[in-house]
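Coordinates in review
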Amino acid sequence: MTAPIVSLNLIGPDEDLIVQPPTTGVALQGKIQVPGDKSISHRALMLGSLAQGETAIAGLLIGEDPQSTAACFRAMGVKITPLNSEQVHVHGLGLGSLQEPTDILDCGNSGTTMRLMLGILASHKDRFFSVTGDRSLRSRPMSRVIQPLQQMGAQIWGRKNHTLAPLAIQGTQLKPIDYHSPIASAQVKSCILLAGLMAEGETTVTEPALSRDHSERMLAAFGATVKRDPQTHSVTVVGPAQLSGQSIIVPGDISSAAFWLVAGAIIPDSDLIVENVGINPTRTGVLEVLEKMGANIEFLNQRIVTGEPVADLRVKSSRLHGCEFGGDVIPRLIDEIPILAVAAAFAEGKTVIKDAAELRVKESDRLAVIASELGRMGANITEHPDGLEIIGGTPLKGTEVDSYTDHRIAMSLAIAALNAQGQTTIHRAQAAAISYPTFTPTLEELLGH
Ligand SMILES: O=C(O)C1=C[C@@H](OP(=O)(O)O)[C@@H](O)[C@H](O)C1
Ligand SMILES: C=C(OP(=O)(O)O)C(=O)O
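This is a predicted model, so every value here is computed, not measured.

On a plain count of helices and strands, the protein chain comes out with 13 helices and 24 strands. Here the C-alpha radius of gyration of the protein chain, 21 Å, is about what a compact globule of 449 residues would show, namely 22 Å. The principal-axis extents of the C-alpha atoms in the protein chain amount to approximately 65 × 45 × 40 Å. Looking at the protein chain as a whole, 55% of its 449 residues qualify as buried. For the protein chain, the share of sequence-separated contacts (at least 6 apart) that also reach a separation of at least 24 residues comes to 74%.

Here it is as structure tokens:
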């Protein structure tokens, strides 16, 4: 049997990942773990910074995005021990006590850092902040959080009529609002709730469909008064709040587990357990769609870990078939659409993904990029304004593809490559380190290197 090749060539400017599966197949077997949940990691660092006393975080994601969050809060006077997945300590300053940074806060590639932090900064009276990010983040829309913050009285300036970073923020005493968001976005919801912590009275956010609820859960755990109405998808915080430091255990990220669940489902003879995965129902849309496509996924050892449901997920390969999805499930699988498109390319028949125009304003235009790069590998995939149509079942061929510096695209293409014929070179694959720095070592481990 030819040995499978997986190599990350970091010497050239293109940071290529080369994937060459053997012709005899690469059945995935055994048990693996994925790094900590990115959304929960950001929130643990932020709420820890705003709380009185110490917060201890186990299982934090050591990716570039949480590093950006930690760097921003350190620059505002918060002591955060070096990030590691064992134990990180955050010495919170108490609500309203962040110091004015003497330099620009750099959010790197992280939309969550910038959007959530804007709510915190805008509510820090008499302090001035400037925030920026990398080229991708500087092109992502910030008006979705700036507009409601302005309704609360926030003072924010930015490029293109105050919609794009770099942004400047003059902190001020904010007023509570009752905000009906036009989009189901956890970043918008969380930004307003964080701003509401220091406004006097009730700040309510209502969204058209339920987005991930990690902020609501964690705010309540830190001692804020949080009221939720599941019927209307609305959540209220009561300010001024007081937060006190907590012990948090971050579960494995279902968005990272999704790569292996799809790999296990599409690669013949696989039987793989991904341990310790967060299965918060606001995040499990990917499992529902995979099951609808005929995937065989079992939930083992279900438990609750510091307020979040967790399980070990066992996937066995099966014959997938296409399906249609859209509507309310989209916010519950928003980051998994690129890897679901890969699953669809290997499934029999047609898959239609609708209501996903939001993907055009992520780290890359994910609809355009996944259509072009999977298309290069031979997939029959059509881009629509709000989604994708994929006719699966034609074998994919290895070729040269590009991540467009988008971590989820890099890893989705690597899984497609694992089940393709011949060698695939993924340019700029180092982007995976944004959310999953150990992706390539895990791939090597699974392939028996
Ligand atoms: O709140 C969060 O942690 C996130 C919310 C989602 O973004 P939107 O709120 O823009 O949908 C998601 O895509 C992102 O990766 C993380
Ligand atoms: C969209 C993502 O993250 P963010 O918005 O934080 O950059 C993601 O992780 O896929």
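Moving on from the coordinates now.
Counting all residues, the mean pLDDT for the protein chain is 96, and 97% of those residues have values of 70 or more. Quick note on the complex model: pTM equals 0.98, ipTM equals 0.99.

Taking the numbering used here, the UniProt-annotated feature "binding site: phosphoenolpyruvate" (unreviewed entry) corresponds to Lys-38, Gly-111, Arg-140, Gln-187, Arg-366 and Arg-408. Structurally, Arg-140 can be placed in the loop between strand 8 (128–132) and helix 4 (143–151). Aside from chain neighbours lying at most four places away, what touches Arg-140 is Gly-111 and Val-361. Residue position: Arg-366 is located in helix 11 (residues 366–376). Judged by the 25 C-beta atoms lying within 10 Å of it, Arg-366 is buried. Leaving out residues up to four positions away in the same chain, Arg-366 has contacts with Ile-337, Pro-338, Leu-359, Asp-406 and Ile-409.

Compared with the 16 Å implied by 1.5 Å per residue over twelve residues, the 17 Å span of helix 3 (residues 111–122) between its first and last C-alpha is a close match. With twelve of its twelve residues buried, helix 3 lies for the most part within the structure. Taken residue by residue, helix 3 has Gly-111, Thr-112, Thr-113, Met-114, Arg-115, Leu-116, Met-117, Leu-118, Gly-119, Ile-120, Leu-121 and Ala-122 as its buried positions.

So, on to the site of ligand 2. The environment of ligand 2 is formed by Lys-38, Asp-65, Ser-110, Gly-111, Thr-112, Asp-335, Lys-362, Glu-363, Arg-408 and Ser-435. Residue classes in the shell around ligand 2 are distributed as no nonpolar, four polar and six charged. Per-domain counts for the shell around ligand 2 show at least three residues from each of domain 1 (5–36 + 251–446) and domain 2 (38–249).

A separate point is the site of ligand 1. Looking at ligand 1, the residues that line it are Ser-39, Thr-112, Ser-185, Ala-186, Gln-187, Ser-190, Ser-211, Arg-212, Ile-334 and Asp-335. No other element matches the three residues that helix 6 (residues 186–196) contributes to the shell around ligand 1. Among the residues forming the shell around ligand 1, the class breakdown is two nonpolar, six polar and two charged.

Strand order in the open sheet formed by four strands is 19-20-22-21, and the pairing between neighbours is mixed. Strand pairing shows two members of the sheet lacking a second neighbour, strand 19 (324–325) and strand 21 (380–384), which therefore form its edges. As paired strands, strand 21 and strand 22 (residues 387–392) are joined by five bridges and run antiparallel to one another. Within the sheet, the bridge partner assigned to Asn-380 lies in strand 22 and is Ile-391. Contacting strand 20 (349–353), strand 21 and strand 22, helix 10 (residues 337–346) crosses the sheet at an angle of about 25° to strand 22.

We now examine unusual backbone geometry. Cis rather than trans, the peptide bond between Ala-165 and Pro-166 has omega equal to 5°. For Pro-166, the location among the structural elements is in strand 10 (residues 164–170). Its identity is not glycine, yet Asp-126 carries a phi of approximately 65°, on the positive side. With respect to the helices and strands, the residue Asp-126 is situated in the loop between helix 3 and strand 8. C-beta crowding within 10 Å serves as the criterion here: with 9 such atoms nearby, Asp-126 is assigned to the exposed category. Phi at Asp-355 is positive, roughly 60°, even though this residue is not glycine.

Conventions used here
- Residues numbered from 1 in each chain as written.
- Chains lettered and ligands numbered in written order.
- Predicted model: local features only at pLDDT ≥ 70, side-chain atom pairs only at ≥ 80, totals over all residues.
- Helix = DSSP H or I, 4+ residues; strand = E, 2+ residues; numbered from the N terminus.
- Rg over C-alpha atoms; globule rule 2.2 N^0.38 Å.
- Buried ≥ 20, exposed ≤ 12 C-beta atoms within 10 Å, placed from the backbone.
- Contact = placed C-beta atoms within 7 Å.
- pLDDT = per-residue confidence, 0-100.
- UniProt positions renumbered as here; feature names shortened; annotations may be inferred.
- Expected span 1.5 Å × (residues − 1).
- Near = placed C-beta within 6 Å.
- Nonpolar A, V, L, I, M, F, W, Y, C, P; charged D, E, K, R; others polar.
- Domains from an automatic or database assignment.
- Pairing = 2+ DSSP bridges.
- Axes fitted to C-alpha atoms, helices over the stretch in contact; angles between N-to-C directions.

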